[in-house]
Amino acid sequence: MRLATLADGSRDGKLIVVASRRDEYVAASNIAPTLQMALDNWDKCEPALQLLAQQLNSGQLVGDKIDVRMLASPLPRAYEWVDGSAFLHHVRLVRKARGAELPATLLEDPLVYQGGSGHFLAPTSDINIINSEYGYDFEAEVCVVLADTPLGTSAAHAHAQVRLFMLVNDVSLRGLIPAELAKGFGFFISKPASAFSPYAVTADELGDSWREGRVHLPLLTKLNGKQFGNPNAGVEMHFSFADLIAHISKTRAFTAGTIVGSGTVSNSSAGVGSSCLMEKRMLETIATGKASTPFLQRGDRVEIEMCDADGRSVFGKISQACV
């Protein structure tokens, strides 16, 4: 099942169900006005939403034509947005780039930070380059949306807390990060609003690609129409989503609609490229002594997408112009 939010001028938009293999949608407001309300009442709403999706997919219902420019983020705002860094190849490269030591517990203890969640960008919203010296970078990731998640949830029970999957562009301001982290208080101004994929999907849309707490599909990122990276989101994810959920719930409970990110998808294999500019710049520095790839500039366009084995775009495409 694919769910989305139609931008209708209200703060939280209107929940719609989108066909799995056609560009059609039907309103789901008679089941739940918004995606957050559906998550709040998932046991009641999910069967009705699945029935609506089945009717749309089978042709029993004729939907309206969808245009992703009509859509807001699936969750235009969320109670919490917690981003991990589960791909250790990325951690090692980016830490090296800013001269930071690796944590002693790198292999045992996931890195996470809490980002701003009061306003998310739509999948086609512009990236506003306020100041090019801030070093604007994209970070292509996979994320999950949680059910109400109790304090002390174990990794063994964490899978039951996952309701939906999305992609995210976690925009980072590389020029601001080192000084901000040097204060010892974490990211804040260096992490502007993130953009999420057009569709939030249930596990059935992923099939056997969702296993071991990971999404085993390539994550394609394009910059100005050219492939930038296509690493697999499952094969080198050191900490699974179950591990991340268990880690964050060690001392907290989380409410339905909380979003948890994988961190920048990264593979050490040659030829798959990268999911952020900083990683490529670090690889250039290692190879030649100098980074040659610039950070994002006005006029650039970033596209992020994940396709299944049949070539179907599972989540739709994030496509953002830099202005």
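Going by the structure above, here's the rest.
Conventions used here
- Residues numbered from 1 in each chain as written.
- Predicted model: local features only at pLDDT ≥ 70, side-chain atom pairs only at ≥ 80, totals over all residues.
- Heavy atoms only, no water.
- Helix = DSSP H or I, 4+ residues; strand = E, 2+ residues; numbered from the N terminus.
- Rg over C-alpha atoms; globule rule 2.2 N^0.38 Å.
- Buried < 20%, exposed > 50% of the residue type's maximum accessible area, 1.4 Å probe, protein only.
- Contact = heavy atoms within 4.5 Å.
- Areas by Shrake-Rupley, 256 points an atom, 1.4 Å probe, with all protein chains shown as cover.
- Lys, Arg positive; Asp, Glu negative; His and termini not counted.
- Charge placed at Lys NZ, Arg CZ, Asp CG, Glu CD.
- Pairing = 2+ DSSP bridges.
- Axes fitted to C-alpha atoms, helices over the stretch in contact; angles between N-to-C directions.
- Polar contact = N/O pair within 3.5 Å; in protein donor to acceptor, adjacent residues only side chain to side chain.

Caption draft 1: Highlighting the overall build of the protein. Helix and strand counts for the protein stand at seven helices and 19 strands. Compactness check: the protein gives a C-alpha radius of gyration of 19 Å against a globular reference of 20 Å for 323 residues, within 12% of the reference. Projected onto its principal axes, the C-alpha positions of the protein cover 60 × 45 × 35 Å. Looking at the protein residue by residue over its 323 residues, the buried ones come to 54%. Expressed as a percentage of contacts within the protein between residues at least 6 apart in sequence, the contacts between residues at least 24 apart total 73%. Just so you have it, the protein exposes about 13900 Å², and 51% of that area is on carbon and sulfur atoms. Looking at charge distribution, the protein has the averaged site of its 30 positive side-chain charges lying 4 Å from that of its 35 negative ones.

Caption draft 2: Quick look at helix α3 (residues 88-97). Where α3 is concerned, the buried positions are Leu88, His90, Val91, Leu93, Val94 and Arg95. The secondary structure elements touched by the buried residues of α3 are α7 (277-288). Downstream of α3 by a residue or two, Gly99 has a phi angle that is positive, lying close to 70°.

Caption draft 3: Summary view of the sheet that holds strand β15 (residues 220-223). Across the sheet, four strands lie side by side as β16-β15-β18-β19; this open sheet has antiparallel pairing. Each of the sheet's edge strands pairs with one partner strand only, and the pair in question is β16 (226-229) and β19 (318-321). Averaged over neighbouring strand pairs, the angle between their axes works out to 25° when direction is ignored. Two elements, strand β18 (residues 301-305) and β19, share four bridges in a ladder whose sense is antiparallel. Counted as the bridge partner of Glu303 is Ser319 from β19.

Caption draft 4: Layout of the pairing of strand β3 (residues 24-27). The sheet contact formed by strand β2 (residues 14-18) and β3 spans three bridges and is antiparallel. By the bridge assignment, Val18 is partnered in β3 with Tyr25. Count of turn residues in the β2/β3 antiparallel hairpin: five residues.

Caption draft 5: Examining the side chain of Thr264 more closely. Tracing the backbone through its elements, the reader meets Thr264 in the loop between β17 (259-261) and α7. Residue classification places Thr264 among the buried positions, given a relative accessible area of 2%. Among the polar contacts listed, one links the side chain of Thr264 to the side chain of Glu139, at a separation of 2.2 Å. Other than its neighbours up to four places away in sequence, Thr264 contacts Phe87, His90, Glu139, Ala140, Glu141, Ser275 and Cys276.

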